[in-house]
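# Close look at the chain arrangement
As a plain string of letters, each chain reads:
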2 protein chains.
Amino acid sequence: MKIVIEQDDREPFYDAISMVHNLDLNFERKRMKVGDYKFNDIIVERKTIDDFCSSILDKRIEHQVENMKIESEEKFIIIIGNIKDRKVNIHENCILGKICSLVYKHNIKVIQCENDEQFLYILKNLYEKKVNKIK
Amino acid sequence: MKIVIEQDDREPFYDAISMVHNLDLNFERKRMKVGDYKFNDIIVERKTIDDFCSSILDKRIEHQVENMKIESEEKFIIIIGNIKDRKVNIHENCILGKICSLVYKHNIKVIQCENDEQFLYILKNLYEKKVNKIK
């Protein structure tokens, strides 16, 4: 099964990661208004832990969440990296509180992982689950 | 506001962690059939990363999820510890795939954190969000 996922053209080129080929992931790069990755009705926002922290501080995350809510019923934020490794100056309780808020109040599905390889595997796994659900 | 949370009596005594007192968390220990922590309609299953891995291998997680589904609409699994630090022999893709399955197929809210202090903060945060929602 060839997997084609829309990818925002400001996201990293993943071709250098051999896992992309092993997983048979194909990205269609384009400028996306909402989210970073999209397939069927699923929208995925990818955030490194530092990007996630910054977006809490400058409140960017609020707008992104509102836009995702308008755009799709199935919204994921995938956070890459551990809280303890953050470089951004923010208390860990702010991060945890925001994750609780996203998951509980906004009904966003948040998945945390440790590196890009894990992120790519999650994308593929969600894709397969979605496609099997449709079938 | 005094926070009282039901806690399964096989769970750790958290009194030694000063944070429990700082957060004003009070646990009512009792034998629980489903989940490890409960307040209002929220059920929380607490799993260390190794416990989570073991429960995938021996399929215990499947039963726990089914029981949680019967018991409550608001189901959380909080995983403590990072995937890379696991001692249980299981491929990381199995762990990630199970997290995707819980979040996407079973509509369980999964939150990952790094230690017991973070876990306790999440419990308190969810409690406050729930209570404010009811008000």
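As the structure is a computational prediction, the values presented were derived from the model and not from experiment. (Residues numbered from 1 in each chain as written. Chains lettered and ligands numbered in written order. Predicted model: local features only at pLDDT ≥ 70, side-chain atom pairs only at ≥ 80, totals over all residues. Heavy atoms only, no water.)

### Digging into empty space enclosed by the protein
- Here the structure, examined in full by the defined rule, presents three cavities of 30 Å³ or more.
- Here the largest cavity defines a volume of roughly 170 Å³.
- In terms of lining residues, the largest cavity is bounded by 20 residues, among which N82(A), Q112(A), G81(B), N82(B) and Q112(B) are the most central.
- Mapped onto the lining of the largest cavity, the elements with two or more residues apiece are β6 (109-113) of chain A together with α4 (92-105) and β6 (109-113) of chain B.
- The residue makeup of the lining of the largest cavity, split by class, is 11 nonpolar, seven polar and two charged.
- For the second largest cavity, the calculated volume is near 70 Å³. (1 Å grid on protein atoms, 1.4 Å probe; cavity = no way out; pocket = protein on both sides within 12 Å on 5 of 7 lines; lining within 4 Å. Points joined across faces, edges and corners; volume = space filled by probe spheres on them. Helix = DSSP H or I, 4+ residues; strand = E, 2+ residues; numbered from the N terminus. Nonpolar A, V, L, I, M, F, W, Y, C, P; charged D, E, K, R; others polar.)

### Here we look at the sheet that holds β6(B)
- With mixed pairing, the six strands of this open sheet are ordered in space as β2-β1-β3-β4-β5-β6 (chain B). Pairing within the sheet leaves two strands with one partner each, and these edge strands are β2 (25-30) and β6 of chain B. The mean inter-strand angle of the sheet, taken between neighbouring strand axes irrespective of direction, is 25 degrees.
- Pairing of strand β1 (residues 3-8) of chain B with β2(B) involves six bridges; the strand directions are parallel. Along β2(B), the bridge assignment pairs E6(B) with E28(B).
- Where helix α4 (residues 92-105) of chain A meets the sheet, its contacts fall on β4 (42-48), β5 (74-80) and β6 of chain B, and the angle it forms with β6(B) comes to roughly 170 degrees. (Pairing = 2+ DSSP bridges. Axes fitted to C-alpha atoms, helices over the stretch in contact; angles between N-to-C directions. Contact = heavy atoms within 4.5 Å.)

### Digging into the nonpolar core
- In this structure, I77(A), I5(B), F27(B), F119(B) and L120(B) are the most contacted members of the largest nonpolar core, which totals 49 residues.
- If we ignore the near neighbours within four places in the chain, the residues touching F27(B) are I5(B), Q7(B), Y14(B), V20(B), Y37(B), L120(B) and L123(B). (Core = buried A, V, L, I, M, F, W, Y, C linked by side-chain atoms within 4.5 Å. Buried < 20%, exposed > 50% of the residue type's maximum accessible area, 1.4 Å probe, protein only.)

### Some thoughts on the sheet that holds strand β5 (residues 74-80) of chain A
Residue and element names in this part refer to chain A.
- Across the sheet, six strands lie side by side as β2-β1-β3-β4-β5-β6; this open sheet has mixed pairing. With partners counted over all chains shown, the strands left at the sheet margins are β2 (25-30) and β6, one partner each. Put simply, the sheet's adjacent strands are angled 25 degrees from each other on average, direction ignored.
- Relative to β6, β5 runs parallel, the two sharing five bridges. Looking across to β6, one finds that I79 is bridged to Q112.

### Remarks on the packing of aromatic side chains
- Applying the stated criterion across every chain yields a total of 12 aromatic pairs over all chains.
- With 5.9 Å between their ring centres and 50 degrees between their planes, Y104(A) and F76(B) make a pair best called tilted. Pair noted here: Y104(A) is in helix α4 and F76(B) is in strand β5, and the two residues belong to different chains. The residues Y104(A) and F76(B) share a single accessibility class, namely buried.
- An aromatic cluster of three or more residues is present, and its members are Y14(A), F27(A), Y37(A) and F119(A).
- Note that R29(A) overlies the ring of F13(A), its terminal NZ or CZ placed 3.7 Å from the centroid.
- A cation over an aromatic ring shows up here: R46(A) above the ring of F119(A), its NZ or CZ 5.8 Å from the ring centre. (Phe/Tyr/Trp six-rings, centres within 6.5 Å; stacked < 30°, edge-to-face > 60°. Lys NZ or Arg CZ within 6 Å of the ring centre and 35° of its normal.)

### Focus on the pattern of salt bridges
Residues and elements named next belong to chain A.
- In total, this model carries 29 salt bridges over all chains according to the counting rule given.
- A salt bridge links D85 to K84; its shortest N-O distance comes to 3.8 Å.
- On the basis of relative accessible area, K84 is assigned to the partly exposed category, the value being 47%.
- Look at the salt bridges and you will find they share partners, linking E45, K47, D51, D58 and R60 into a network. (Salt bridge = Lys/Arg side-chain N within 4 Å of Asp/Glu carboxyl O.)

### Some remarks on the relation of the copies chain A and chain B
- Once turned by 180 degrees and shifted 0.0 Å along the axis, chain A lies on chain B with an RMSD of 0.0 Å. Such a combination of turn and shift is consistent with a two-fold rotation axis.
- The overlap is high: 100% of the interface residues of chain A also sit at the interface in chain B, so the same surface is used on both sides. (Least-squares fit on C-alpha atoms with pLDDT ≥ 70 in both.)

### Regarding the interface of chain A and chain B
- Residue-level contacts link 31 residues of chain A with 31 residues of chain B.
- Taken together, both faces of the contact between chain A and chain B bury some 2,900 Å²; the carbon and sulfur share is 61%.
- In this structure, the connection of chain A to chain B is made through zero salt bridges.
- Linking chain A to chain B there are 13 residue pairs in polar contact (both at pLDDT 80 or more). (Buried area = accessible area lost by both parts, 1.4 Å probe. Polar contact = N/O pair within 3.5 Å; in protein donor to acceptor, adjacent residues only side chain to side chain.)

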